[in-house]
Amino acid sequence: AAISDPKIITQNYYLNYIYNFINSSSENYFIILLGFISISLIIFSNLMNALILWQITYFAKIQGYIISKKLLTNYLKRDYNYFLDKHSAEISRNVLSEVKRVVDGIILPILHLISRIFVSLAIFIFLIILNYKITLPIILLIILFYFIFFFLIKDIQTKIGKETTVTVLGRF
């Protein structure tokens, strides 16, 4: 906004305070400084998002490794007679494919949901502080649309999940 209307620097309390605090020599210099700060914040935000995504994925894959290891250890502790009735492909499927489905279909989405809830709460709190009269109706509208969308696709998602299970079971 400061680029299109430099007068906003003197009209906005916060921009004016920063402008006077750093004792800027001109409005153009201050606008360029705001541009560099904005670009720096975008780069920092993207780096943080990449780091968080990497950590979430790493954590989920480690959990998959732990689950696979425990499942395989459990199979190895079984009596020989147990394996007479089981096909080795079924055991392989459980250790490899089903654990991957649990990690990719349950653990990762839950971790992403938790991280997005924290970000959404921070934005929500900031918006409430900024202007609660506009924020509350908008948030309620978003929640309403979410529940409408959820109930519309719930059956489709269940059908796709069942088809995926049948397909995976057919592979082994």
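Definitions and limits used
Residues numbered from 1 in each chain as written. Predicted model: local features only at pLDDT ≥ 70, side-chain atom pairs only at ≥ 80, totals over all residues. Heavy atoms only, no water. Helix = DSSP H or I, 4+ residues; strand = E, 2+ residues; numbered from the N terminus. Expected span 1.5 Å × (residues − 1). Buried < 20%, exposed > 50% of the residue type's maximum accessible area, 1.4 Å probe, protein only. Contact = heavy atoms within 4.5 Å. 1 Å grid on protein atoms, 1.4 Å probe; cavity = no way out; pocket = protein on both sides within 12 Å on 5 of 7 lines; lining within 4 Å. Points joined across faces, edges and corners; volume = space filled by probe spheres on them. Nonpolar A, V, L, I, M, F, W, Y, C, P; charged D, E, K, R; others polar. pLDDT = per-residue confidence, 0-100. Phe/Tyr/Trp six-rings, centres within 6.5 Å; stacked < 30°, edge-to-face > 60°.

1. Structural notes on helix H3 (residues 27-76)
- The terminal C-alpha atoms of H3 lie 73 Å apart, and with 50 residues this matches the ideal 74 Å at 1.5 Å per residue to within 8%.
- Within H3 the residues assigned to the buried category are Phe-30, Ile-31, Ile-56, Ala-60, Gly-64, Ser-68 and Tyr-75.

2. Quick word on the side chain of His-112
- One can find His-112 in helix H5 (residues 88-171).
- Residue classification places His-112 among the buried positions, given a relative accessible area of 19%.
- Filtering out sequence-adjacent residues up to four positions away, His-112 remains in contact with Leu-53 and Ile-56.

3. What to know about the layout of surface pockets
- Roughly 400 Å³ of internal volume is contained in the largest pocket.
- Around the largest pocket sit Leu-113, Arg-116, Ile-117, Ser-120, Leu-121, Ile-123, Phe-124, Leu-127, Ile-139, Ile-142, Ile-143 and Tyr-146, which together line it.
- Across the lining of the largest pocket, the residue classes break down as ten nonpolar, one polar and one charged.

4. As for the confidence of the model for the protein chain
- Looking at the protein chain, the pLDDT average stands at 86 and 96% of residues meet or exceed 70.
- The lowest-confidence element of the protein chain is helix H1 (residues 8-11), averaging 76 in pLDDT; the highest-confidence one is H3, averaging 90.

5. Let's talk about the packing of aromatic side chains
- Taken as a whole and judged by the stated rule, the model has seven aromatic pairs.
- Each ring, one from Tyr-146 and one from Phe-147, has its centre 5.6 Å from the other, and the planes form 75 degrees; the classification is edge-to-face.
- Arranged with centres 6.4 Å apart and planes meeting at 20 degrees, the rings of Tyr-146 and Phe-150 form a pair that is stacked. One end of the pair, Tyr-146, and the other, Phe-150, are both in helix H5, four residues apart, so they sit about a helical turn from each other.
- Residue Tyr-146 is classed as partly exposed on the basis of its relative accessible area, which comes to 48%.
- On the basis of relative accessible area, Phe-150 is assigned to the partly exposed category, the value being 35%.

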